[in-house]
Amino acid sequence: MRVLILVQDKQRVNLDNLYSSIAENFDLCEIKRLSSDEQASLKNYFLRNIEVSKYDRIVFFLRFKKEIKQRKFIQSIPNLVILEHDAFQNYTGGKYHGKFSEHYRLFPWARIICSSYNVSQKLKNEDFDVHFVSKGHDSGILYNTHSERDIYLGFVGSTKNKLYIKRKAIIDKMIKNHSLFATRTNSTDEYRNTLNRIKIFFSADIGFGEYMIKNFEAMACGCLLLAYDQGESENKALGFINMKNVVLYKNYKDACEKLEFLKNNPDKIINIAAAGQKLVEFTRTNKHIGKQIANALIPPLRKPVIKKSFLGLKKQISWEEPG
């Protein structure tokens with residue numbers, strides 16, 4: 001199979017190992033990095049750089065806000081697969097509420113590879129071709145250095161985005177009442193070193209319906225993950241078992257009770273953290289995720305059907321199952 005993957009040239013997380021892991025599963029797999037301007041003008045980029053007939057799959061891993069302004073052109077791309085890590089916003093009530101569904105309805109033959117099991121099931125119920133592949137971590141960059149853990153309870157990341165209002169609210173409470181150490185880091189080395197100083201990583205992905213990448217990164221670095229519970233189906237899909245390899249909470253009161261339990265049972269912190277690290281090392285490295293993405297590209301795609309109604313004034317967009 002011949003695969004083309006279009007990605008953003010500047011991403012917060014270095015995903016080169018993920019792309020390499022996908023590529024090693026195919027005879028031909030080209031990775032092209034698009035600038036912000038190139039993402040904003042896909043038609044021109046394709047005309048100058050892409051011969052679409054060369055590829056059995058063309059994968060988009062681009063900025064959603066750029067894609068939605070170019071729907072007519074995207075409809076024309078054959079063998080389209082969209083890798084999406086932000087589709088949870090389709091159901092969060094923010095500015096992109098419902099926008100992902102609206103976007104995908106214009107090319108319902110495209111395959112969506114979604115990083116949340118919960119979200120993938122919702123999209124499947126809307127009749128989209130969806131495969132679930134979670135986020136992961138780069139095991140070559142983020143790992144347990146077995147350093148002294150001098151931060152008992154910590155969080156590394158942002159609370160400024162509007163999406164993070166609920167995250168910020170509970171983190172502020174934890175800072176005030178439980179001396180949570182919350183910080184940002186400026187480099188991969190600093191991020192790894194900070195995670196390796198944290199004994200319990202406090203995660204607050206409230207309202208997202210999935211676990212953000214920081215959860216897997218913290219676990220890989222040997223932290224016990226104390227995370228907002230995203231639900232039974234999401235946990236089962238990831239292999240998360242409460243009080244075995246993660247500690248999950250339902251609300252602020254529950255988080256406080258779990259912290260009190262851990263304080264009184266320090267051996268549990270060590271055992272749960274070790275089990276969590278083992279889980280992500282064996283199931284959530286970029287090598288594992290890349291293989292799963294490659295497997296999701298292989299099954300036959302739906303066949304597009306676009307019919308024009310009377311006088312060609314309206315399009316009827318549908319699809320046929322591969323036969």
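Attention here is on the structure that accompanies the text. Owing to the predicted nature of the structure, the values given are computational and were not obtained by experimental measurement.

Turning to the overall build of the protein, a few remarks are in order. Counting its secondary structure elements, the protein contains 14 helices and 13 strands. For 323 residues, the compact-globule estimate of 2.2 N^0.38 gives 20 Å, and the protein sits close to it at 21 Å. Counting only C-alpha atoms and orienting by the principal axes, one finds that the protein spans roughly 75 × 40 × 35 Å. Burial status across the protein gives 49% buried among its 323 residues. For the protein, long-range pairs separated by at least 24 residues make up 68% of all intrachain contacts whose partners lie at least 6 apart in sequence. By element, 49% of the accessible surface of the protein is carried by carbon and sulfur atoms, the whole surface being about 16000 Å². In the protein, the 52 positive side-chain charges and the 35 negative ones have mean positions that sit 5 Å from each other.

With respect to the helices, strands and loops of the structure, Gln8 is situated in strand 1 (residues 2-8). Judged by its relative accessible area of 16%, Gln8 is buried. The contact partners of Gln8, leaving out residues within four places of it in the chain, are Arg33, Leu34, Gln39, Phe61, Leu62 and Arg63.

Think of two packed helices as two axes; the pair is described by the angle between the axes and how far apart they sit. Where helix 8 (residues 165-178) contacts helix 12 (residues 252-264), the two axes come as close as 11 Å, and the packing angle between them is 40 degrees. If you check the angle between helix 8 and helix 12, you find them oblique. The chirality of how helix 8 crosses helix 12 is right-handed. Taking contact as the criterion, the partners of Ile170, Lys173, Met174, Asn177 and His178 in helix 8 are, on helix 12, Tyr252, Ala255, Cys256 and Leu259. Residues that form the contact of helix 8 with helix 12 fall into these classes: 6 nonpolar, 2 polar and 1 charged.

As a further point, take helix 10 (residues 213-220). The element helix 10 is largely enclosed, with a buried count of 8 among its 8 residues. Elements that come into contact with the buried residues of helix 10 comprise strand 7 (151-156), helix 9 (188-195), strand 9 (198-203), strand 10 (224-228), helix 11 (232-238) and helix 13 (266-283). Immediately downstream of helix 10, the backbone of Gly222 shows phi near 90 degrees, a positive value.

Turning next to the packing of aromatic side chains. Applying the stated criterion across every chain yields a total of 16 aromatic pairs. Consider the rings of Tyr164 and Phe208, whose centres lie 5.9 Å apart with planes at 45 degrees: the pair is tilted. Of this pair, Tyr164 sits in the loop between strand 7 and helix 8 while Phe208 sits in the loop between strand 9 and helix 10; the two residues are 44 residues apart in sequence, bridging distant segments of the chain. Overall, the relative accessible area of 4% leaves Phe208 in the buried class. Here Phe202 and Tyr249 contribute two aromatic rings whose centre-to-centre distance is 5.3 Å and whose plane-to-plane angle is 10 degrees, an arrangement assigned as stacked. Residue Phe202 is found in strand 9, and its partner Tyr249 is found in strand 11 (residues 247-249); the two are separated by 47 residues along the sequence. Phe202 sits in the buried class, given a relative accessible area of 0%.

This part covers the sheet that holds strand 6 (residues 129-132). An order of 2-1-3-4-5-6 is seen for the 6 strands of this open sheet, with the pairing classed as parallel. Two strands bound the open sheet, and with one partner strand each, they are strand 2 (28-34) and strand 6. When strand polarity is set aside, the average angle formed by the axes of neighbouring strands in this sheet is 20 degrees. Strand direction decides the pairing type here: strand 1 and strand 2, joined by 7 bridges, are parallel. Residue Gln8 lies in a different strand from strand 2, and its bridge partner there is Leu34. Lying on the sheet, helix 3 (residues 42-49) is in contact with strand 1, strand 2 and strand 3 (57-61); it crosses strand 2 at an angle near 135 degrees. In this fold helix 14 (residues 286-297) packs onto strand 1, strand 3, strand 4 (80-84), strand 5 (111-114) and strand 6, with an angle of close to 160 degrees to the strand it touches most, strand 5.

Moving on, we come to the nonpolar core. Within the largest apolar cluster, 42 residues are counted, with the highest numbers of intra-cluster contacts made by Leu195, Ile200, Phe201, Phe202, Leu224, Leu226 and Phe240. For this core, the element with the most residues is helix 13, which contributes 5 residues. When near neighbours in sequence (up to four residues on either side) are disregarded, Leu226 contacts Ile200, Phe201, Phe202, Ser203, Val247, Tyr249, Lys258 and Leu259.

With that out of the way, let us pick up the environment of Asn193. Mapped onto the fold, Asn193 is located in helix 9. Owing to a relative accessible area of 42%, Asn193 belongs among the partly exposed residues under this scheme. Separated by 77 residues in the primary sequence, Asn193 and Ile270 place their C-alpha atoms 19 Å from one another.

Each value, and the rule that gives it
- Residues numbered from 1 in each chain as written.
- Predicted model: local features only at pLDDT ≥ 70, side-chain atom pairs only at ≥ 80, totals over all residues.
- Heavy atoms only, no water.
- Helix = DSSP H or I, 4+ residues; strand = E, 2+ residues; numbered from the N terminus.
- Rg over C-alpha atoms; globule rule 2.2 N^0.38 Å.
- Buried < 20%, exposed > 50% of the residue type's maximum accessible area, 1.4 Å probe, protein only.
- Contact = heavy atoms within 4.5 Å.
- Areas by Shrake-Rupley, 256 points an atom, 1.4 Å probe, with all protein chains shown as cover.
- Lys, Arg positive; Asp, Glu negative; His and termini not counted.
- Charge placed at Lys NZ, Arg CZ, Asp CG, Glu CD.
- Axes fitted to C-alpha atoms, helices over the stretch in contact; angles between N-to-C directions.
- Parallel < 35°, antiparallel > 145°, perpendicular 65-115°, else oblique.
- Left-handed = near helix turned anticlockwise from the far one by under 90°.
- Nonpolar A, V, L, I, M, F, W, Y, C, P; charged D, E, K, R; others polar.
- Phe/Tyr/Trp six-rings, centres within 6.5 Å; stacked < 30°, edge-to-face > 60°.
- Pairing = 2+ DSSP bridges.
- Core = buried A, V, L, I, M, F, W, Y, C linked by side-chain atoms within 4.5 Å.

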